Each structure stands twice: as C-alpha cells, then as structure tokens.
Amino acid sequence: MSIQNDRRHLRYAVVGAGMAGILAAIKLKQDGENFIVYEKAERLGGTWRDNRYPGLTCDVPAHAYTYSFEPYAEWQAYYAKGEEIRTYFELTAAKYEVTPHIRFGCEVMSCVWQDEEAVWLLGLSTGESVEADVVIAASGVLHHPRMPDIEGLDGFAGDVFHSARWQDEARIDGARVGVVGNGSTGVQIITALHDRAEALVHFQRSPQWIMPVPYFRYSEEERAAFRRDPGLIDAIRYDKEYWANIHRFTQAITHVDGPEIAIIEQLCLDNLENSVRDPELKEKLRPNYRAACKRLIYSWCYYDAVQQPNVTVEREGIARIEPEGVRLKDGRLQPLDTLVLATGFQADRFIRPTQVLGRNGLSLDDVWSTRPTAYYAVTIPNFPNFFMLNGPTGPVGNFSLIDIAERQWAYVEQLLAPLRRGEALTVEPTMRAHAGYEERRVAAARTTIFGSGCSSWYLDATGVPSSWPWSYEAFAEAMAAPIMADYVLTAASEPVALS
Ligand code: NA7
C-alpha cells in the first residue's frame, strides 16, 4: 500500500469479469485506483459468455438491465437477447478502457488473508502469488452447471450437454431433440427450437407457472431517437410503472396473503386457462404450488410453443437414459438425437471453489457450512477488506442484478472510504451485527413466498430461502448508507476480537 497526496492507493483484486466485475473495474478506473481483474475464461461477460443457448433472453427489460451510467440505444427489443448483452458488456468494458486491466485465462485459486501484513495473498492458476489490499468477489451466482444424476447419461448415443455448455455442432435442425428441465432456461430453449426440430420433447419434473409479459421490438426510428436523446432511455429505465412493478413484486414475495401476490397468481392462472386449449395438456402444465414460489418464468410464447404439433410435454418421470433416447418410468422410450440438460446450477457456490481463508486461517467453506451468508450480502466477519457483489442473501428474483450490483458498489465505496483516506487498514462487520442480521433474515425468509412449499434454487440446503426477504426499498436504503457502528475498522494489523 502506498500513500500519495494524503490518500492511500490500495491494490484491488477483482475476481471475475462478468457484469459485476466490469462494474467494479469501471468504478475503480474512474477513481484512479490500482486494480487487476482476474478472469478464468478467455472472454469477459460471465453468465452471458457461458450461456449461448438458442432463445437466451434476459427477462428483465433491456433498458433496466443496463448500467445506469451507460445507457444503450441499440437494444433490439423490450427484452434483450444474450448475444446483444454480451456485446454490450464488451463495448462498455472497451469504452471505459478496463479490458486491458483484465487478466484472461487466469483463475484465482485461493485468497488467503495475511494477518501480519494485512493483505490478501492470491494464488493464481498460473502458479503466481500476488498481493492485494482489497478483494472484490464478483464471481457470479449461477455459474456451476448442475448435472442431473440420471442413470445411463454417459451412454447416450446422440449429443448430450448442459444448457450452459451449448454445442454448436449438435443436431437440432430436423432432429429429435429432448430438453430436460423447465426453469427459465428450458422454457426459452423450447420456445426457440420448436420450429427447428422435427420433434421436441420437454421433460418436466414439475410444471411451472408462466407469467405473461409484453414483448415488442424497438424500430430503427426508435433506436435513432434513443441515440439522439438518452433522456428517452432514462424515461424507460426510471419509468414509474416499472418501479411500481418492482415494488408490487417485492410486496408479493414478502406478503404471502396480500393482494399483490393474489394478482400474480391470477395472471398466471388466467394465462394457463386461456392459452392452453387441450384439457389434458392444461392439467400437465398446472403446478401444485403457488406462483412465484420458484423463480417466476416470464414468457410471451411458451404456451404457443408447447401446443405445436411437433412438441410433446413429458411429465412422466425419467427412468434412465439409453443410447437411443430417454426411457420413461412407464416403460415408454422417447427416441432422441440430441438431449439438452437445462437442469440449473449449483446456486450455493459463489466465489467457491476458490479457497478463501480469512483471519487466523478461518475458511469460508467452514463459515458457510450451514448456508452461504454475508452481512447485508456484501461483507463477512473475519474476512477483512473482502467485498462481494451479488453475494449470498442479496435480492434474487425477477430484478435487474445490474441495479443490485450498482447499489452494492455504492455501499462498498462507503466502506472503502476510511481505507482510501488512510484512516484505517481494514474494515469488516462485527460477528454480532452479522449474527443479528442473519437471524432476522432467516426468520423473514421463511415467511416469503419462496418458502411456501416448492423446490427451487432459491432454497438453501436446510430448506430456507437464501435471498433478501424484505422489500426492494429496504435493500436500496440499506445499500445507501452502511451502519458504520456494525463495522470494525482497524488501524493496526493485529487480529481483532469481533464481538
Ligand atoms: P432452474 O431454474 O434451476 O431449473 C432447473 C430445471 O431442471 C427445473 O425444472 C428442475 O426441475 C429440472 N431438473 C433439475 N434436475 C433434474 C433432474 N435430475 N431430472 C429432471 N429435471 C431436473 O435452472 P435454469 O437454468 O432454468 O434457470 C436458472 C436461472 O437462470 C433462472 O432462475 C434465471 O435467474 C436465469 P424441478 O423444478 O426441480 O422439479
């Protein structure tokens, strides 16, 4: 750490060059800070680099899923395609000149806090060890594919792969394609493939509620107007109705007997009742849990897709995979050329498998043995100068994770301020503050719609919803001003007792 102009210049290690890592890099660059972004892959973009399946669409309106400081006139439609989003991040990183700060093909294998020097020692996949005063963990949430444990998977004669590992050479056009899983991914793939495959089978272990949403394309005239006047984009991003919807949505999640969730349930039910003609198919598609318990699926065309003559919804359980297709529990075989596993992700990983050791060698794996947790989703006691963007217990739902990461960055900056001013060496929350936060959070989380009786990646290993359980306004308020009394600032490098 060096002191220049009465201001300490810290060395920052940003882990991950996805949406949140690029955000951190831009902010650090603008502040004239010394930082390196470590990215294990050869390209930036995180989830938007890894996921390339046909139909990939962000279900947050495009102009809201955009950095607030970098409005984008080029979105083609109300909901952006994955490829456009990837391009947006690449253009934005280049424009703000952060791409040269990214070390591609360089995975952070370990982060070990050095008590004496008050620095983080990072072990890299290149074999190097580098020091950093501050670690920004921007490693994403859903990035480790969850492969299903289905007998015979390895023996399938056709192409089989996880949705986040799309194989361009796989047989799709004119082929018999099966998709296992009907989260947002499986649903989007079905809507994109029904007019390409000869036969398409959607294997559903549990049906999903489908929220009908508007979809429209922006015309070239509209995009030209956005280019001329970014205020028009702001009008969409800060549209009162959009934010009223966010408010209503969080009210719905957090008040399971309230009018807002009743409206969502009715919209989903009406969608099913009015869109699906065949009574047998309608019953197959009817969930037996409450809408929004699993992450709500937004789609304007899924029910159309599954009613095409070449599409089959298969609710019968999968007995095993055989070389020629999927054998169902009732003995039938669905013959397939290609099998896509849209079976989700290990949602409890966060920065792991990177080994993170805090004060006195305390391991993050041990701290997270019950469930991943962080004080207000950003910091962890005994892990000084370690900040997470989109970390555990933050809002996950049908929200813009960009907006969430920007608010979290504003929070982090306030915690960094005393370090940057040279008034402190380290900052971390007290154990008492974190324990109190987590106790309140778990109690509230149990009462949310996510805990109303369904399986989903929102639940931790103990069955408790893992996300922010209060309103979005409460999250925005919390991020606007850290409770500094809940933090310990140390001027010395000695380990501190955190009460
Ligand atoms: P999700 O939402 O976790 O969905 C995974 C789907 O895969 C879900 O329908 C699961 O059924 C199904 N699944 C998982 N394992 C199996 C096995 N073994 N057999 C059959 N079916 C299985 O993942 P997505 O990729 O769709 O979406 C992840 C997030 O990405 C999404 O929420 C957005 O934030 C973007 P289940 O419901 O558990 O019965």
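Residues numbered from 1 in each chain as written. Predicted model: local features only at pLDDT ≥ 70, side-chain atom pairs only at ≥ 80, totals over all residues. Heavy atoms only, no water.

As a further point, take empty space enclosed by the protein. Applying the stated rule across the entire model yields four cavities of 30 Å³ or more. If you add up the space inside the largest cavity, you get close to 70 Å³. Lining of the largest cavity is provided by Thr250, Ile253, Thr254, Pro395, Val396, Phe399, Phe450, Ser467, Trp468, Trp470, Ser471 and Tyr472. Looking at the lining of the largest cavity, its residues break down into eight nonpolar, four polar and no charged. Around the second largest cavity sit Ala64, Arg237, Tyr242, Trp243, Ile246, Phe399, Ser400, Asp403 and Tyr472, which together line it. Per-element accounting of the lining of the second largest cavity gives the leading share, three residues, to helix H7 (residues 240-254). For the lining of the second largest cavity, the residue count by class is six nonpolar, one polar and two charged. (1 Å grid on protein atoms, 1.4 Å probe; cavity = no way out; pocket = protein on both sides within 12 Å on 5 of 7 lines; lining within 4 Å. Points joined across faces, edges and corners; volume = space filled by probe spheres on them. Nonpolar A, V, L, I, M, F, W, Y, C, P; charged D, E, K, R; others polar. Helix = DSSP H or I, 4+ residues; strand = E, 2+ residues; numbered from the N terminus.)

Looking now at the sheet that holds strand S12 (residues 199-203). Strand order in the open sheet formed by five strands is S10-S19-S11-S12-S15, with parallel pairing between adjacent strands. With partners counted over all chains shown, the strands left at the sheet margins are strand S10 (159-162) and strand S15 (311-314), one partner each. Pairwise comparison of adjacent strand axes, ignoring direction, gives a mean angle of 15 degrees for this sheet. Across four bridges, S12 lies against S15 in parallel orientation. Across the sheet, Phe203 pairs through a bridge with Glu314, a residue of S15. Along the sheet, helix H4 (residues 184-193) contacts strand S11 (176-180), S12 and strand S19 (338-341); its crossing angle with S12, the most-contacted strand, is approximately 165 degrees. (Pairing = 2+ DSSP bridges. Axes fitted to C-alpha atoms, helices over the stretch in contact; angles between N-to-C directions. Contact = heavy atoms within 4.5 Å.)

By the definition in use, this model includes 34 salt bridges. Salt-bridge contacts for Glu131 lead to Arg11; the nearest nitrogen and oxygen are separated by 3.2 Å. Of the two residues, Glu131 sits in strand S8 (residues 129-132) while Arg11 sits in strand S3 (residues 11-15), which places them 120 residues apart along the sequence. Judged by its relative accessible area of 23%, Arg11 is partly exposed. Notably, a salt bridge pairs Arg103 with Glu128, separated by 2.8 Å at the nearest N-O pair. Note that Arg103 is positioned in strand S5 (residues 102-103) and Glu128 in the loop between strand S7 (119-124) and S8, a separation of 25 residues in sequence. Under the relative-accessibility criterion, Arg103 is labelled partly exposed at 29%. Look at Glu128 and you get partly exposed, because its relative accessible area is 32%. Among the ionic contacts, a cluster of salt bridges with common partners joins Glu74, Glu220, Arg223 and Arg227. (Salt bridge = Lys/Arg side-chain N within 4 Å of Asp/Glu carboxyl O. Buried < 20%, exposed > 50% of the residue type's maximum accessible area, 1.4 Å probe, protein only.)

This next bit is on the domain arrangement of the protein chain. Domain parsing of the protein chain yields domain 1 (11-144 + 346-490) and domain 2 (153-222 + 256-341). Put simply, the middle of domain 1 and the middle of domain 2, counted by C-alpha atoms, are 31 Å apart. If you look at the interface, domain 1 gives 29 residues, while domain 2 gives 30 residues. Both sides together, the interface formed by domain 1 and domain 2 hides about 2700 Å², and carbon and sulfur atoms give 55% of it. Sorting the residues of domain 1 by area buried against domain 2 places Tyr53, Pro54 and Ile449 first, and these three jointly supply 23% of that buried surface. (Domains from an automatic or database assignment. Buried area = accessible area lost by both parts, 1.4 Å probe.)

Now for the site of the ligand. Taken together, 19 residues form the shell around the ligand, and within it Asn182, Thr185, Ser206, Lys294 and Arg295 come nearest. Between the ligand and Asn182, the relevant distance is 2.9 Å, taken from an oxygen atom to a main-chain nitrogen or oxygen of the residue. Within the contact set of the ligand, an oxygen atom lies 3.0 Å away from a side-chain nitrogen or oxygen of Trp457. Protein burial of the ligand: of its 770 Å² of free accessible surface, 83% is covered by the chains. Among the residues making up the shell around the ligand, the classes are represented as six nonpolar, nine polar and four charged. Two domains each provide a minimum of three residues to the shell around the ligand, namely domain 1 (11-144 + 346-490) and domain 2 (153-222 + 256-341). (Near = heavy atom within 4 Å. Polar contact = N/O pair within 3.5 Å; in protein donor to acceptor, adjacent residues only side chain to side chain. Areas by Shrake-Rupley, 256 points an atom, 1.4 Å probe, with all protein chains shown as cover.)

When the terminal C-alpha atoms of H7 are compared, their 21 Å separation across 15 residues agrees well with the 21 Å that a helix rising 1.5 Å per residue should span. Residues Tyr242, Ile246, Phe249, Thr250, Gln251, Ala252, Ile253 and Thr254 constitute the buried set of H7. (Expected span 1.5 Å × (residues − 1).)

This part is about the state of the cysteines. A disulfide bridge is the covalent bond that connects two cysteines by way of their sulfur atoms. Throughout the structure, instances matching the rule amount to one disulfide. The disulfide bridge from Cys293 ends at Cys454, spanning 2.1 Å between sulfur atoms. Between Cys293 and Cys454 the disulfide shows an S-S torsion of about -100 degrees. By sign, it is left-handed. Taken together, the positions of Cys293 in the loop between helix H9 (279-284) and strand S14 (297-298) and Cys454 in the loop between helix H13 (431-446) and helix H14 (472-480) put the pair 161 residues apart, joining distant regions of the chain. In this structure, Cys293 and Cys454 share a single accessibility class: buried. Cys58 takes part in no disulfide bond, and the closest cysteine sulfur to it belongs to Cys301, at a distance of 15 Å. We classify Cys58 as buried; its relative accessible area is 5%. Cysteine Cys111 remains unbridged, with the sulfur of Cys106 as its closest cysteine sulfur at 11 Å. A relative accessible area of 0% places Cys111 in the buried class. (Disulfide = S-S within 2.5 Å.)

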